[in-house]
There are 2 protein chains.
Amino acid sequence: MHIRKQRLLTPGPTPLYPPAMHAMMASDIHHRTQDFRNVYAAALADLKEVLGTSNDVLMFAASGTGGMDASVSNLFSRGDKVIVCCAGKFGERWVEIAKAYGLDATVLKVEYGDAVSVSAVRAALDAEPSTKGVFVQASETSTGAAHDIQGMAAAVAATDAILVVDGITGIGTMPLDIDGWGIDVLIGGSQKSFMIPPGLAFLSVSKKAWTLSETATLPHFYFDLKKEKKNADKGESTWTPATSLILALGEALKYVKGLGMANLVANAQLLALAARAACTELGLELFAPGSPGSSVTSVKAPKGMDSSVIVKELRTRFGAIITNGQGSMKGRIFRIAHLGYFDFWDLFAMVAGLETILYANGIPVEFGRGVAAVQRVYAGAAIQLPVAVG
Amino acid sequence: MHIRKQRLLTPGPTPLYPPAMHAMMASDIHHRTQDFRNVYAAALADLKEVLGTSNDVLMFAASGTGGMDASVSNLFSRGDKVIVCCAGKFGERWVEIAKAYGLDATVLKVEYGDAVSVSAVRAALDAEPSTKGVFVQASETSTGAAHDIQGMAAAVAATDAILVVDGITGIGTMPLDIDGWGIDVLIGGSQKSFMIPPGLAFLSVSKKAWTLSETATLPHFYFDLKKEKKNADKGESTWTPATSLILALGEALKYVKGLGMANLVANAQLLALAARAACTELGLELFAPGSPGSSVTSVKAPKGMDSSVIVKELRTRFGAIITNGQGSMKGRIFRIAHLGYFDFWDLFAMVAGLETILYANGIPVEFGRGVAAVQRVYAGAAIQLPVAVG
């Protein structure tokens, strides 16, 4: 038996930002006090700033799926025609929500690992001019593929429909210009690039989306965007807020503001580039080579090997928790996460650990070869050194 | 700017064991209650168990140096003849303490990087039969060298002197059989293999040491071994105990007991072996090749390079805090720690980071070559997998 630290390295929950965790200790605060109103208002303002939008930004005590639910139940009516882009497990979740609320959904489905094209969305919009909404994942976490949100936004902007983007793992891993591109609703979750535990969902809501809400008739109670907006303007949440998570969020947002959202995105993108280089160098096949996102890098297990073995041995040998494929991909792929609080030190060890496990399972591998690919990406990127601290 | 997590990787404070840190949150406890007496008594009992001794084990709110002070001020008298083994900065501390208390010390001094031999101790004891004590570091943290404590104990046991061992970084990195070898006083500190923050010193005290205390006349007040023993037997500390650290210690000791002290030692030794292999592979020269300990591996900077650059760039590029040489060794060596809560994942990244920094400073280095040496040691050690957890 040897020491084996537990390390949370999944695409959500992502590694936690320590000062945010320490901030949770200040939870002996009551949510209906001016002290907490200040915390809440600051968190909402900082969230708006890092998302870089002038749209309203609201928050719920909920998982990201709660944000997805809210976007449907507040903005649509039974029988509304919508388009759902479905490129994986989370696209399927949009399909399920649309079905639960009785929307009339046209599903643009592609194979796992592929992305729905802008032209497919455009064609579907052309085919049905009364379409009220288009639903898509910015980053499809289950496969690692990313969608062309800028292109889709341009297609949707020319119609009466709104674009509803699940940005849960897209935020912080790809540019998402809410105002510039015209993303009507963007949904985020605390346990992703925000580096804190699960429990908070965020939504940005455009004027066009608010207009749609005026005629929407689907029933809802907990997730009430209008009521939430009215209370948020007073520094309050409608229902009891998850105070500990909001205290953590405040700290994490300070960090993200200091780093800069563009740098957070660049960090994930550079790590993803390095991970792809390492896997290719090790002879491993990428799962979404055509449109790889930077939230996770999905990698196929070597021929004859179950990816579950890699996931399991990273845990049992090194205490490193990563994710297997989801649904039908389970056993076929494993996923290396990059979103949020990840750095090169993490990736150095991840690739060395992966090489060690492949070797232990009889896969021909040259020790250090994948790590060297990561080091070359680091060296080549000429990463700017922060000002020396003495 | 990119993400750069802060990672404490020094030989003390060592990386913290998270459940121990969480336990500190239960500090809203009063130290003169039965609840706390139970915590304190359990910590002392567990400490005794992991140290594997039937001797008394006491604890002080103090740094390790406080434990060293206590061993002198409680067991000796002004003018007592003692032998001090001095192989580095911590050996020099023994010399200073002996001088502060007016002991008549014979100093066995060796070059930094070397260790004092058993034969030198034996010769000094033969030369002065009235010697009351021999002071030594099990592991000289400033250089990485280790002493032959078993050999020294055998030499001292044949005399009236007691052997006082600074085990602050020796505990958990080398076998130290207190009862079997006859270590009269062994001193430890919380921020080393015990994986918690600084603030607690531990001492084991043998019958022979207690006997010496009966005739000892040096003044002392805070560090009173007899009073502490009397109170410890009632589950109390004499003065106000550092409750948060003791709560943390309780958790850490549960972990060390579960792992087993022998495995904790083997873990550090294997990591040290791998670190030496990596450095040698990278063409770096070890600083204490003759008697390398497993608490830290001291490595000389490449010719023409200041080791401070390596230490600084590990921090500025990767947020990794390691230690420079101390005293006259500053700028000449850097030290990779292994004691306590360190694992192979840490070392994979450490060596990859080191390679990257050498390359960035114009030192010829083949990326991944040192990492591969670590991987080979890991693979060769046939590390036993824990029972799969599903």
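Residues numbered from 1 in each chain as written. Chains lettered and ligands numbered in written order. Predicted model: local features only at pLDDT ≥ 70, side-chain atom pairs only at ≥ 80, totals over all residues.

Undergrad: Let's hear about the overall build of chain A: which residues, and what values?
TA: Scanning chain A from terminus to terminus reveals 14 helices and 14 strands. Whereas a compact globule of 390 residues would reach a radius of gyration of roughly 21 Å, chain A reaches 21 Å, a difference of no more than 12%. Buried positions account for 55% of the 390 residues belonging to chain A. (Helix = DSSP H or I, 4+ residues; strand = E, 2+ residues; numbered from the N terminus. Rg over C-alpha atoms; globule rule 2.2 N^0.38 Å. Buried ≥ 20, exposed ≤ 12 C-beta atoms within 10 Å, placed from the backbone.)

Undergrad: How would you summarise the interface of chain A and chain B if you had to cite specific residues and measurements?
TA: Listed by partner, the interface residues are 44 residues for chain A and 44 residues for chain B. Elements represented by at least two residues in the side of chain A that touches chain B include exactly helix H11 (261-281), helix H12 (307-318), helix H13 (344-360) and helix H14 (369-380) of chain A. If one sorts the elements of the side of chain A that touches chain B by residue count, H13(A) sits on top with ten residues. (Contact = placed C-beta atoms within 7 Å.)

Undergrad: Just give me the short version of the relation of the copies chain A and chain B, but keep the residues and values in it.
TA: Superposing chain A onto chain B requires a rotation of 180° together with a translation of 0.0 Å along the rotation axis, leaving an RMSD of 0.0 Å. In symmetry terms, the pair is related by a two-fold rotation axis. For chain A, the residue whose C-alpha comes nearest the rotation axis is Gly368(A), separated from it by 2.1 Å. A shared binding surface is used by both copies, with 100% of the interface residues of chain A retained as interface residues in chain B. (Least-squares fit on C-alpha atoms with pLDDT ≥ 70 in both.)

Undergrad: Pulling in residues and values, what's your account of the sheet that holds strand E13 (residues 323-324) of chain A?
TA: Residue and element names in this part refer to chain A. The sheet built from three strands is open, its strands ordered E11-E14-E13 with antiparallel pairing. The open sheet has two edge strands with one neighbour each: strand E11 (296-300) and E13. Alignment of E11 against strand E14 (residues 333-337), held across five bridges, turns out to be antiparallel. If you follow Val-296 over to E14, its bridge partner there is Ala-337. Sheet strands touched by H11: E11 and E14. Its angle to E11, the strand with the most contacts, is close to 15°. (Pairing = 2+ DSSP bridges. Axes fitted to C-alpha atoms, helices over the stretch in contact; angles between N-to-C directions.)

Undergrad: So what's going on with the domain arrangement of chain A? Residues and values would help.
TA: Residues and elements named next belong to chain A. Along its sequence, chain A is carved into domain 1 (7-13 + 261-380) and domain 2 (18-259). Between the C-alpha centres of domain 1 and domain 2 there is a distance of 28 Å. Each side of the interface is counted separately: domain 1 has 28 residues, and domain 2 has 30 residues. If you list the elements that add at least two residues to the side of domain 1 that touches domain 2, you get H11 and E11. Broken down by element, the side of domain 1 that touches domain 2 gets its largest block of residues, five residues, from H11. Grouping the amino acids of the side of domain 1 that touches domain 2 by side-chain chemistry returns 13 nonpolar, 14 polar and one charged. (Domains from an automatic or database assignment. Nonpolar A, V, L, I, M, F, W, Y, C, P; charged D, E, K, R; others polar.)

Undergrad: Describe the nonpolar core, and please don't skip the residues or the numbers.
TA: Counting 274 residues, the largest nonpolar core has Val134(A), Phe348(A), Val134(B) and Phe348(B) as its most contacted members. With residues up to four places along the chain from it excluded, the contact list for Val134(A) reads Val82(A), Ile83(A), Val121(A), Met152(A), Val156(A), Ala161(A), Leu163(A) and Val164(A). (Core = buried A, V, L, I, M, F, W, Y, C linked by C-beta atoms within 7 Å.)

Undergrad: Could you give an account of the confidence of the model for chain A, with specific residues and numbers?
TA: Residues and elements named next belong to chain A. Mean pLDDT over chain A stands at 95; residues scoring 70 or higher make up 98%. Here residues 386-390 scores under 50 on pLDDT; set against residues more than four positions off or in separate chains, the count is five contacts. As a predicted assembly, this complex carries a pTM of 0.93 together with an ipTM value of 0.89. (pLDDT = per-residue confidence, 0-100.)

Undergrad: Which residues make up the sheet that holds strand E9 (residues 185-189) of chain B, and what values go with them?
TA: Residues and elements named next belong to chain B. Pairing is mixed in the open sheet, where seven strands are placed in the order E2-E10-E9-E8-E5-E3-E4. Across the chains shown, the open sheet's two edge strands, defined by having one partner strand only, are strand E2 (56-61) and strand E4 (104-109). Averaged over all pairs of adjacent strands, the angle between their axes in this sheet comes to 20°, without regard to strand direction. Here strand E3 (residues 81-86) pairs with strand E5 (residues 133-137) via three bridges, running parallel. Within E5, the position partnered with Ile-83 by the bridge is Val-134.

Undergrad: Quick rundown of the packing of H13(A) against helix H13 (residues 344-360) of chain B? Include the residues and the values.
TA: Where H13(A) meets H13(B), the closest approach of the two axes is 8 Å, and the angle between their N-to-C directions is 115°. Put simply, H13(A) runs roughly perpendicular to H13(B). For the element pair H13(A) and H13(B), the recorded crossing hand is right-handed. Of H13(B), the residues touching H13(A) (which contributes Trp345(A), Phe348(A), Ala349(A), Ala352(A) and Gly353(A)) are Trp345(B), Phe348(B), Ala349(B), Ala352(B) and Gly353(B). Along the lines of polarity and charge, the residues of the contact of H13(A) with H13(B) split into eight nonpolar, two polar and no charged. (Parallel < 35°, antiparallel > 145°, perpendicular 65-115°, else oblique. Left-handed = near helix turned anticlockwise from the far one by under 90°.)

Undergrad: Account for the pairing of strand E3 (residues 81-86) of chain A, naming residues and giving values.
TA: All names here are of chain A. Among the six residues that make up E3, five are buried, leaving the element largely enclosed by the rest of the structure. In this structure, E3 lies alongside strand E4 (residues 104-109), joined through six bridges in parallel fashion. For Lys-81, the partnering residue across the bridge sits in E4 and is Asp-104.

Undergrad: Could you give an account of the packing of H13(A) against helix H14 (residues 369-380) of chain B, with specific residues and numbers?
TA: Relative orientation of the contacting elements H13(A) and H14(B) amounts to 45°, with a least axis distance of 11 Å. With respect to their mutual orientation, H13(A) and H14(B) come out oblique. As for the relative orientation of H13(A) and H14(B), their crossing is right-handed in sense. Taking contact as the criterion, the partners of Ala352(A), Glu355(A), Thr356(A), Tyr359(A) and Ala360(A) in H13(A) are, on H14(B), Val371(B), Gln375(B), Tyr378(B) and Ala379(B). Looking at the contact of H13(A) with H14(B) residue by residue, the class counts come to six nonpolar, two polar and one charged.

Undergrad: Account for unusual backbone geometry, naming residues and giving values.
TA: Residue and element names in this part refer to chain A. For the bond running from Gly-12 to Pro-13, omega is 0°, close enough to zero to count as cis. With phi around 70°, Met-195 is a residue other than glycine that occupies positive phi space. Relative to the assigned elements, Met-195 resides in the loop between strand E9 (185-189) and strand E10 (200-205).

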